[in-house]
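An overview of the molecular structure
If you want the building blocks of each chain, they are given just below.
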Amino acid sequence: MRGFTLIEILIALVVLAATGLALSSAIGNVAFQTWSLERRTAAHWVAENHLARAQLTRLNNSAPLEAGRHSETVVLSRRRWRVRQSVAETSHPLFWRVEIEVSELVDNQEIGPLGRLVGFVGRH
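An account of the accompanying structure is given in this report.

Conventions adopted
- Residues numbered from 1 in each chain as written.
- Predicted model: local features only at pLDDT ≥ 70, side-chain atom pairs only at ≥ 80, totals over all residues.
- Heavy atoms only, no water.
- Pairing = 2+ DSSP bridges.
- Helix = DSSP H or I, 4+ residues; strand = E, 2+ residues; numbered from the N terminus.
- Expected span 1.5 Å × (residues − 1).
- Buried < 20%, exposed > 50% of the residue type's maximum accessible area, 1.4 Å probe, protein only.
- Contact = heavy atoms within 4.5 Å.
- Phe/Tyr/Trp six-rings, centres within 6.5 Å; stacked < 30°, edge-to-face > 60°.

Another aspect to go through is the pairing of strand β1 (residues 68-76). Of the pairings in the sheet, the one linking β1 to strand β2 (residues 79-89) comprises 9 bridges and is antiparallel in character. Counted as the bridge partner of leucine 76 is arginine 79 from β2. What sits between β1 and β2 in their antiparallel hairpin is a turn of 2 residues, with serine 77 showing a positive phi close to 60°.

Structural data, given as structure tokens:
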């Protein structure tokens, strides 16, 4: 009778174990990258929403934007985000430079910044 020897079976098991380990590690990396990309995308959406709100508020309000820094907490996707906004004058007389930085709040600790955005808002 012919069959596999114990050494051949052990070598096959080692090869299968190594393949399984490499595959599970690759799947774990893909899952982490997907989760990280989702967080950064949501942070970018928060920043875009904040800039759009500043631009729309400026259109509906004749008061000038205040130069300086401002911070607030917002909720998106059932997550809390810390938004830091910095408004500065530009060399052009019609525009303000608005820089927005977004961090996620987890158990009252900031993670990030996960997103940054720079935009411009009209002065008049």
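Between its first and last C-alpha atoms helix α1 (residues 6-60) spans 81 Å; for 55 residues at 1.5 Å apiece the expected length is 81 Å, and the two agree. Those residues of α1 lying buried are Ser36, Arg39, Ala42, Ala43, Val46, Ala47, His50, Leu51, Ala54 and Arg58. At its buried positions, α1 is contacted by β1, β2, β3 (95-106) and β4 (109-122).

Time to look at the packing of aromatic side chains. By the definition in use, this model includes 1 aromatic pair. Arranged with centres 5.8 Å apart and planes meeting at 45°, the rings of phenylalanine 32 and tryptophan 35 form a pair that is tilted. Here phenylalanine 32 and its partner tryptophan 35 are both found in helix α1, 3 residues apart, which amounts to about one turn of the helix. Owing to a relative accessible area of 42%, tryptophan 35 belongs among the partly exposed residues under this scheme.

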